[in-house]
Each structure stands twice: as structure tokens, then as C-alpha cells.
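Secondary and tertiary structure notes
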Amino acid sequence: MKRWAAGSNCDEIAAKWNRARVLGRPFILTATLPPGIQSWAENLRQTYYPAHRNQLHAHVTMFHSFAPSLLEELSDWLPTLTREFAAPQAEVSGLLDLETGTAIALRSEQLLTLRAIIAEHFHGSLTAQDLYEPRPHITIQNKVTKREARALQAELKPEVASKTASGVFAFPSMELHLYQNGPWEMVKRLPFRGRVSL
């Protein structure tokens, strides 16, 4: 049986760990968008993502699936990274064609460096989907026809180009979520507080 230090936050994490263990549900790690980018991307997602399928806010996934058994290690070790490293910088780089959807493409070598550190630490525990370096992006449309996706990409091209020209932003934190058979439940927010540049 897992033992946790006293305190409401620890009790809450322990309860989520037990729920994940019993239900066999994984944990997801994301990079938090700054308010301006989040608001813009959220508006696009709410507008163009099929409403009956849209159960999540706009987000940037770093890892799709950590096993329930890893929660204690994730909760203990990830904060050591955010205490050491400064917020990773990024920029909007264009549109990403998902074939049956559309995403905002991001360029962030610093985020990929951080992800590589995490992947190395959890080597042997990653799912096949998480073994490969991702292309950072924010999905704003999915599960549509290729024609609908291409039409949206053509429509959004000027708007995204203006965001591309707006310069660099920083991810203020990482977030650990519990998969809830569709929606996600926040487990822990991990603000970057360090000074070491990735």
C-alpha cells in the first residue's frame, strides 16, 4: 500500500493514485500554454473541433500515457526539474496538417530537450506512442474529412502567420493529468522556477 506524507495535497494525490490504480487509467503530461496563446488556441478549438468530441481544453501533450504505478515517482521527481530549469521557450511555427484535422505547429527545442530528459529517466516504462520525439502542437480540429481540414488550413493561414511573426513565448509550467475515459482531471501543476536554460 502506498504511504503519503500528511497534508491535503498529498491526500488528494493519493486518492487519485488509488483511483487510477483501480481503474487502470494512465497519466498524461502536458506543457502549459501562457494565457494569450491559450486563449487564442482555445477559441479556435471551441470553434472548429467537433463539439460532440471536444472534451478537452487546448493543450500541448508531452507524454500520452504514464502507468498508474508511476504517479508517486512522477510527483516526486518532476518538481526537481521545474525547480532547476527555466521555462522552455517556444514559438508558433505554422499549421500542421493532421490529414483529418488541423493543429497549430510549435517550434521549441528547449521543450524537446526537457522531454528527452524525462524520457531517459523513465526509459523502459514508456508506451510505444511515447518512445518517439513528438512534433509540439496544439490540436484545434480532428475527426473531420480531409477536405474540411484543408479548407480550415487555408482559412487560418493569414491568422497563424501573424502569430508566427509575434515572437517567442514561454511555457510557464507542466501539468500532470489523470485520464478519465475522455476528459482529464488535473493532478498537479508544476511551475518552472529554475534559472538553468534548457
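Just so it is clear, the structure is predicted and the values come from calculations on it, not from any experiment. (Residues numbered from 1 in each chain as written. Predicted model: local features only at pLDDT ≥ 70, side-chain atom pairs only at ≥ 80, totals over all residues. Heavy atoms only, no water.)

Burial within strand E5 (residues 137-141) is extensive, with four of its five residues counted as buried. Here strand E4 (residues 102-107) runs beside E5; their pairing, made up of four bridges, is antiparallel. Bridge assignment links Ala103 to a residue of E5, and that residue is Thr139. (Buried < 20%, exposed > 50% of the residue type's maximum accessible area, 1.4 Å probe, protein only. Helix = DSSP H or I, 4+ residues; strand = E, 2+ residues; numbered from the N terminus. Pairing = 2+ DSSP bridges.)

This paragraph deals with empty space enclosed by the protein. In total, this model carries one cavity of 30 Å³ or more according to the counting rule given. The space that makes up the largest cavity amounts to roughly 50 Å³. Val60, Thr61, Met62, Leu111, Leu112, Arg115, Pro134 and Pro136 together form the lining of the largest cavity. In terms of residue class, the lining of the largest cavity is made up of six nonpolar, one polar and one charged. (1 Å grid on protein atoms, 1.4 Å probe; cavity = no way out; pocket = protein on both sides within 12 Å on 5 of 7 lines; lining within 4 Å. Points joined across faces, edges and corners; volume = space filled by probe spheres on them. Nonpolar A, V, L, I, M, F, W, Y, C, P; charged D, E, K, R; others polar.)

Attention now moves to helix H2 (residues 35-48). For H2, spanning 14 residues, the distance from its first C-alpha to its last is 20 Å, which sits close to the expected 20 Å at 1.5 Å a residue. For H2, every residue scored as buried is listed here: Ile37, Trp40, Ala41, Glu42, Leu44 and Arg45. In this structure, the buried side of H2 is in contact with strand E3 (89-97), E4, E5, helix H5 (146-164) and strand E6 (169-170). (Expected span 1.5 Å × (residues − 1). Contact = heavy atoms within 4.5 Å.)

Where helix H3 (residues 71-84) meets helix H4 (residues 109-121), the axes come as close as 12 Å, and the angle between the chain directions of the two elements is 145°. The two elements H3 and H4 cross, and the hand of that crossing is right-handed. Residues Glu73, Trp77, Leu78 and Leu81 of H3 lie in contact with H4, whose contacting residues are Leu114, Ile117, Ile118 and His121. A per-class count over the contact of H3 with H4 returns six nonpolar, one polar and one charged. (Axes fitted to C-alpha atoms, helices over the stretch in contact; angles between N-to-C directions. Left-handed = near helix turned anticlockwise from the far one by under 90°.)

With that settled, the discussion passes to the layout of surface pockets. Looking at the largest pocket, its volume works out to about 710 Å³. Around the largest pocket sit 24 residues that line it, and Leu56, His59, Thr61, His64 and Trp184 are the ones nearest its centre. Elements with a contribution of two residues or more to the lining of the largest pocket: strand E2 (60-66) and E5. Broken down by element, the residue count for the lining of the largest pocket peaks at three residues, all from E2. A class-by-class count of the residues in the lining of the largest pocket yields ten nonpolar, nine polar and five charged. If you add up the space inside the second largest pocket, you get close to 280 Å³.

The next subject is the sheet that holds E6. Strand pairing in a sheet takes place through backbone hydrogen bonds and is either antiparallel or parallel in direction. In spatial order, the strands read E5-E4-E3-E6; together these four strands make up an open sheet with antiparallel pairing. The sheet terminates laterally at E5 and E6, the two strands that pair on one side only. As paired elements, E3 and E4 share six bridges and run antiparallel to each other. Pairing of Leu96 across the sheet is with Ala103, part of E4. Lying over the sheet, H5 contacts E3, E4 and E5, oriented at roughly 155° with respect to E3.

Fair warning: the whole summary comes from geometry, so function is off the table for now.
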